[in-house]
Amino acid sequence: MATQLSKNASTAPQASHQFEPSSKSLPTTITREYSIDDTPTSFLLQCFSDRIFVSVSQLKGKLGTLLSCNMEYSMIDGSKTYDVTTLLGVRDDALLEIYARQITERIMSLGNVDQWGASEGGGTSSGPSVLLGIALDKKKGGGRDQETFRTIVDLVLDMYVEAVRIASSP
């Protein structure tokens, strides 16, 4: 039977063209490299239909800790709640969770969130989940000072705005 399969496989018709996905099916991807406090910092942002992936690395492109942050509206009182979960990596560093939450809050504050619909948790989701991979150089402060924190969050937001603009263009 194995001989018959390989015989049939070798006589299969060859495709006359290669599959090329539609540009609408691909995530919008933005990459940047900045020097923050004399530390090379690489940024990657990808907008998928159901989530946003962000990577911030001061450790030569390493992913670091991977966090997920979701925002939901309460069906009871309409308040916003944020759920930050560490998926991989350091679990005892609250600053990384603050980065994830702040980036998510700022993205959600930009509006245009009605397209995301209801979430699995029973509440009403106000936007996509944000996956954040973050690796900060602890030898150079690890992004713990207020100015570095603001700079990183602002740069991610600028990249997000650019990605939305690119995705929205015809």
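One can find the structure itself at the top, above this paragraph.
As the structure is a computational prediction, the values presented were derived from the model and not from experiment.

About the thresholds
Residues numbered from 1 in each chain as written. Predicted model: local features only at pLDDT ≥ 70, side-chain atom pairs only at ≥ 80, totals over all residues. Heavy atoms only, no water. Salt bridge = Lys/Arg side-chain N within 4 Å of Asp/Glu carboxyl O. Helix = DSSP H or I, 4+ residues; strand = E, 2+ residues; numbered from the N terminus. Buried < 20%, exposed > 50% of the residue type's maximum accessible area, 1.4 Å probe, protein only. Expected span 1.5 Å × (residues − 1). Contact = heavy atoms within 4.5 Å. Patch = residues over 30% accessible without salt bridge, like charges linked within 9 Å, V, L, I, M, F, W, Y side chains within 5 Å. Areas by Shrake-Rupley, 256 points an atom, 1.4 Å probe, with all protein chains shown as cover. Lys, Arg positive; Asp, Glu negative; His and termini not counted. Charge placed at Lys NZ, Arg CZ, Asp CG, Glu CD. Pairing = 2+ DSSP bridges.

## Points about the pattern of salt bridges
- For the structure on display, the rule yields five salt bridges.
- Between Glu162 and Arg32 there is a salt bridge, and its shortest N-O distance comes to 2.7 Å. Highlighted residues: Glu162 in helix 3 (residues 146-168) and Arg32 in strand 1 (residues 28-36), separated in sequence by 130 residues.
- Residue Glu162 is classed as partly exposed on the basis of its relative accessible area, which comes to 22%.

## Things to note about helix 3
- Taking 1.5 Å per residue, 23 residues should reach 33 Å; helix 3 reaches 33 Å between its end C-alpha atoms and fits that length.
- Looking at helix 3, one finds that the buried residues are Thr148, Phe149, Ile152, Val153, Leu155, Val156, Leu157, Met159, Tyr160 and Ala163.
- Against the buried residues of helix 3 lie strand 1, strand 2 (39-47), strand 3 (51-57) and helix 2 (94-108).

## Remarks on the environment of Leu95
- Tracing the sequence through the fold places Leu95 in helix 2.
- Residues Leu95 and Arg144 lie 49 residues apart in sequence; the distance between their C-alpha atoms is 7.4 Å.
- Beyond its immediate chain neighbours, meaning those up to four positions away, Leu95 contacts Gly142, Gly143, Arg144 and Phe149.

## Thoughts on helix 2
- Here helix 2 spans 21 Å end to end across 15 residues, near enough to the 21 Å set by a 1.5 Å rise per residue.
- When helix 2 is considered as a whole, its buried residues turn out to be Leu95, Leu96, Tyr99, Ala100, Ile103, Thr104, Ile107 and Met108.
- For helix 2, the elements touching its buried residues are strand 3, strand 4 (65-73), strand 5 (80-88), strand 7 (129-135) and helix 3.

## What to know about a negative patch on the surface
- Residues Asp37, Asp38, Asp145 and Glu147 make up a contiguous surface patch of negative charge.
- Note that Asp145 resides in the loop between strand 7 and helix 3.

## Comments concerning the pairing of strand 1
- Alignment of strand 1 against strand 2, held across nine bridges, turns out to be antiparallel. Following the sheet pairing, Thr28 is matched in strand 2 by Cys47.
- Linkage of strand 1 to strand 2, two consecutive antiparallel strands, is achieved through a turn of two residues, within which Asp37 is found at a positive phi near 50°.

## Observations regarding the pairing of strand 4
- Here five bridges tie strand 4 to strand 7, and the two strands are oriented antiparallel to one another. Its bridge partner being in strand 7, Cys69 is matched across the sheet by Val130.
- Inspection of the sheet shows strand 4 paired to strand 5 by eight bridges, in the antiparallel sense. Residue pairing in the sheet places Ser68 in a bridge with Thr85 of strand 5.
- Taking the residues that link successive antiparallel strands as the turn, the strand 4-strand 5 hairpin has six residues, and the phi of Gly78 there is positive, at about 75°.

Such coordinate-based values are descriptive only and should not be taken to indicate function.
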